[in-house]
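Coordinates in review
Each chain, written out:
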Amino acid sequence: MTQRFPSTNVGTALQDAFDWFARLVGRWFEIDLRALAAFRISLGLLLIVDLVARSRSLGAFYTDSGVLPREALFSDYTNVYSLHAISGAAWAQTVLFCIAGAFALALVVGYRTRIATIVSWLLLVSLHIRNPMILNSGDVLLRMLLFWGIFLPLDETWSVSAEHSERDSTTVASIATMALLLQVVFMYVTNTVHKFRGELWMDGEALVHIMSADQFTVLLGNTLAEYHSLLELINYLWIALILASPLLFVLTGRARTILPTLFVGMHLGMLVTMRIGLFPLVVVAALLPFYPSVVWDAVSDLVSRAGITDALRSSKERFSARLPNPPAPATGIDAPDVPNWSAVVGGGRTVFFTLIPYLMLALVVMSNAQAVDYGEVPDPGEQVLETTQADQSWRMFAPSPARTTRWFAAAGTLENGSEIDVLHKSRVDLERPENVESTYRSARWRKYLSNVQSASNENHRSYLANHLCDRWNRQHETGITNVTVYHVFERVDPYSGEREAYGRIQLIDYDCSGKFVQHH
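Structural notes, computed from the coordinates. For every chain, the first residue of the written sequence is number 1, and numbering continues from 1 onward in sequence order. Reporting of local features is limited, given that this is a predicted model, to residues whose pLDDT is at least 70; pairs of side-chain atoms are given and counted only at 80 or more, and all residues count toward the totals for whole chains, interfaces and linings. Excluded from the side-chain calculations are hydrogens and water; all other atoms, namely the structure's heavy atoms, are used.

Further remarks concern a nonpolar patch on the surface. Taken together, the side chains of Leu-219, Leu-220, Leu-268, Leu-271 and Val-272 present a nonpolar region at the surface, about 430 Å² in accessible area. Here Val-272 is to be found in the loop between helix H14 (255-271) and helix H15 (279-287). Like-charged residues are merged into a patch within 9 Å and nonpolar side chains (Val, Leu, Ile, Met, Phe, Trp, Tyr) within 5 Å, provided each residue has over 30% relative accessible area and no salt bridge. In short, Shrake-Rupley with a 1.4 Å probe defines the accessible areas, and a residue's cover is counted only from the protein chains shown. Should a side-chain nitrogen of Lys or Arg be within 4 Å of a carboxyl oxygen of Asp or Glu, the pair is scored as a salt bridge. A run of H or I in DSSP becomes a helix once it reaches four residues, and a run of E becomes a strand once it reaches two; helices and strands are each numbered from the N terminus.

This is how it looks when you write it as structure tokens:
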């Protein structure tokens, strides 16, 4: 009698299990093309808003008459490979800002998207290198989102480049989608580790202290600061939420809708309570790719019912009709003798768009591990991370949250002997302002001044004083001869209302008539 064996042996079972796991992982890292389109549009709009906000202090932050002239930049920093450092004139920076805005607009509409993404990333990196003193975590995340966007099909739908509307319901899964989703999770996980090392975060008191530092609170934050029990509850909810952040890509289907929405809600809450720049909106943009197809089906249906789809299609057709037609392929008797460069270039593109994300993702993993002392990036990797500005730490208010209210003054002595605060263009007053947040022109000015008072940035105190002297003397007939920059701080226990610390520190006493000074 012939013995019969089961049709499914161990090898087949293992192969089936592997295929099942591969499909599951594919579902973890797949992104709806409409999510990528919304992500692309958000990035473009954020770049434009960022440029507009930065332009308010273009002269102060990016020119030779500002707080970091190129002489100081090249002296204090290594590897300054920045287009924005080619010229110290305001007109040159304005031109670069306009060029960056044009490419950001191309990103919004989806025209030549990959080129627009690459150039936008390069210009953003260049801008960040021009003045590192004003950067925050939102800047790091924005340039990383742009970097991963280079390797993603951002214009397959909702763009002037999209050719087939029937592809709107498809998804894509690749090493680039994996990197994009993991980037957000890395940010939360690394920050979670930092927060777990902070006593105030674990005790639920961190937000109470942060909200008592008046330079951060705006709008609802000024009211919310009084409700300590509510802030303690939000503290614990936030810790629980970021602790659950790995589930962002593990969950699939409809379940994947809930967690990103909770994160979006929290970050929008930050937007209306804290003055921390564009960081909350950048994170919201980063969370869009996590939403599954069921959400984008509903969005597409809503847009279609509102008649927006037809209007956009009509606008796209008119726009596309004005675009130059691509050159026709070579034909004729000599065509067979022409090398097939397109195949060579296509093969190189495939290797580039597969290998680079793998290598960079590995370096980003090591960078985040190093940030929490769980690993170390090899020297060649550090050089790559530094060159691409991809190094990460994600300490946002951790492990020790901000507890101290800080404000600054710059007492300038005029030629006629009178004094004026040349930083705020008002009378000199070192007492605590009624609204500390209003003493900063923007979140970037607060970040800059906070860095200036750091002991590791002593040189920048002279750069600031030199800028204040020059700015005043260019704008006023009565010149300024000397400026003294003060850092004033106060820490109050938010629970008892008792003052725990108070101090007035003279950062620098600067002679405006002297040469440009660099302290070493």
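Now, onward.
Relative to the elements of secondary structure, Thr-273 occurs in the loop between H14 and H15. Burial classes follow relative accessibility: with a 1.4 Å probe on protein chains only, a residue under 20% of its type's maximum area counts as buried, one over 50% as exposed, and anything between as partly exposed. Overall, Thr-273 belongs to the buried group, its relative accessible area being 9%. We call two residues contacting when some pair of their heavy atoms lies within 4.5 Å. If sequence neighbours within four positions are ignored, Thr-273 has contacts with Met-211, Phe-216, Thr-217, Val-218, Leu-220, Gly-221 and Leu-224.

A few words on the packing of aromatic side chains. In this scheme Phe, Tyr and Trp rings, the latter by its six-membered ring, pair at centre separations within 6.5 Å, and the angle between planes marks the pair as stacked below 30 degrees, edge-to-face above 60, and tilted otherwise. Inspection of the entire model under this criterion finds 16 aromatic pairs. Pairing Phe-61 with Tyr-62 gives two aromatic rings, centres 6.4 Å apart and planes at 80°, and the pair type is edge-to-face. You can call Phe-61 buried: its relative accessible area is 2%. Each member of the aromatic cluster is reached from another via a ring pair, and the members are Phe-61, Tyr-62, Phe-97, Trp-445 and Tyr-448.

It is worth spelling out the state of the cysteines at this point. We call a pair of cysteine sulfur atoms a disulfide when they lie within 2.5 Å. The tally for this structure, following the rule as stated, stands at one disulfide. Note that Cys-469 is cross-linked by a disulfide to Cys-512, the S-S spacing being 1.9 Å. Residues Cys-469 and Cys-512 are joined by a disulfide whose S-S torsion is about -55°; by sign, that bridge is left-handed. Within this pair, whereas Cys-469 is found in helix H21 (residues 458-475), its partner Cys-512 is found in the segment after strand S6 (499-511), the two being separated by 43 residues in sequence. Here the two residues Cys-469 and Cys-512 agree in accessibility, since each one is buried.

Tracing the sequence through the fold places Leu-83 in the loop between helix H4 (70-76) and helix H5 (90-109). Look at Leu-83 and you get partly exposed, because its relative accessible area is 44%. Between the alpha carbons of Leu-83 and Leu-96 there is a distance of 8.4 Å; along the sequence they are 13 residues apart. When residues no more than four places from it in sequence are discounted, the contact partners of Leu-83 are Leu-96, Leu-123 and Ser-126.

Glancing now at the nonpolar core. Put simply, a nonpolar core is a bunch of buried Ala, Val, Leu, Ile, Met, Phe, Trp, Tyr and Cys residues held in one set by side-chain atoms that sit within 4.5 Å of each other. Trp-148, Met-187, Tyr-188, Phe-263 and Leu-287 are the most contacted members of the largest nonpolar core, which has 95 residues in total. Contact partners of Phe-263, with chain neighbours within four places excluded, come to Tyr-188, Trp-238, Leu-241, Ile-242, Ser-245, Leu-248 and Leu-287.

Two strands are said to pair when DSSP picks up at least two bridges between them. Within the open sheet, the four strands sit side by side as S4-S3-S5-S6. Their pairing is antiparallel. Each edge of the open sheet is held by one strand with a lone partner, namely strand S4 (419-421) and S6. Shown here is a sheet whose adjacent strand axes are inclined to one another by a mean of 25°, direction ignored. Sheet topology places strand S5 (residues 480-492) next to S6; 11 bridges connect them, and they run antiparallel. In the sheet register, Val-483 faces S6, and the bridge partner there is Tyr-510. Angles run from 0 to 180 degrees between N-to-C directions of axes, and those axes are lines fitted to C-alpha atoms, restricted for helices to the stretch in contact.

Here we take up the layout of surface pockets. Residues are called lining when one of their atoms sits within 4 Å of a cavity or pocket point, these points coming from a 1 Å grid over the protein atoms alone, where a cavity is a set in which a 1.4 Å probe fits but cannot get out and a pocket is an open set with protein on both sides within 12 Å along at least five of seven lines. Grid points are joined across faces, edges and corners, and a volume is the space filled by probe spheres set on the points. As a volume, the largest pocket reaches approximately 1400 Å³. Taken together, 50 residues make up the lining of the largest pocket; nearest its centre are Phe-216, Ile-276, Arg-395, Met-396 and Phe-397. Mapped onto the lining of the largest pocket, the elements with two or more residues apiece are helix H7 (137-149), helix H8 (175-196), helix H10 (206-212), helix H12 (228-243), H14, strand S3 (405-414) and helix H20 (443-452). Here the lining of the largest pocket gets five residues from one element, more than from any other, and that element is H20. Classification convention: Asp, Glu, Lys, Arg as charged; Ala, Val, Leu, Ile, Met, Phe, Trp, Tyr, Cys, Pro as nonpolar; all other residues, Gly among them, as polar. Classifying every residue of the lining of the largest pocket gives 27 nonpolar, 16 polar and seven charged.

A word on helix H19 (residues 379-388). For H19, every residue scored as buried is listed here: Gly-381, Leu-385 and Thr-388. The buried residues of H19 occupy an angular sector of 75° when projected down its axis, which confines them to one face. Set apart from the buried face of H19 by more than 90 degrees, the exposed residues are Asp-379, Pro-380 and Gln-383. When we speak of the arc, we mean the arc of directions from the helix axis to the C-beta atoms.

A word on the side chain of Ser-212. Looking at the secondary structure, you find Ser-212 in helix H10. Judged by relative accessible area, which is 18%, Ser-212 ranks as buried. For Ser-212, the side chain forms a polar contact with the main-chain oxygen of His-209, separated by 2.6 Å. Setting aside chain neighbours within four positions, we find Ser-212 in contact with Arg-403, Thr-405, Arg-432, Val-492 and Pro-494. Polar contact is the term for a pair of N or O atoms within 3.5 Å; when the atoms are in protein, one must be able to donate a hydrogen and the other to accept it, and sequence-neighboring residues count only if both atoms are side-chain atoms.

For the structure shown, the criterion picks out one cavity of 30 Å³ or more. By volume, the largest cavity is sized at about 100 Å³. Together, Leu-47, Asp-50, Leu-51, His-84, Leu-96, Phe-97, Ala-100, Ser-120, Leu-123, Leu-124 and Leu-127 line the largest cavity. Residue assignment for the lining of the largest cavity shows that the elements contributing at least two residues are helix H2 (33-55), H5 and helix H6 (113-130). Tallying contributions element by element places H6 first for the lining of the largest cavity, with four residues. Counted by class, the lining of the largest cavity contains eight nonpolar, two polar and one charged residues.

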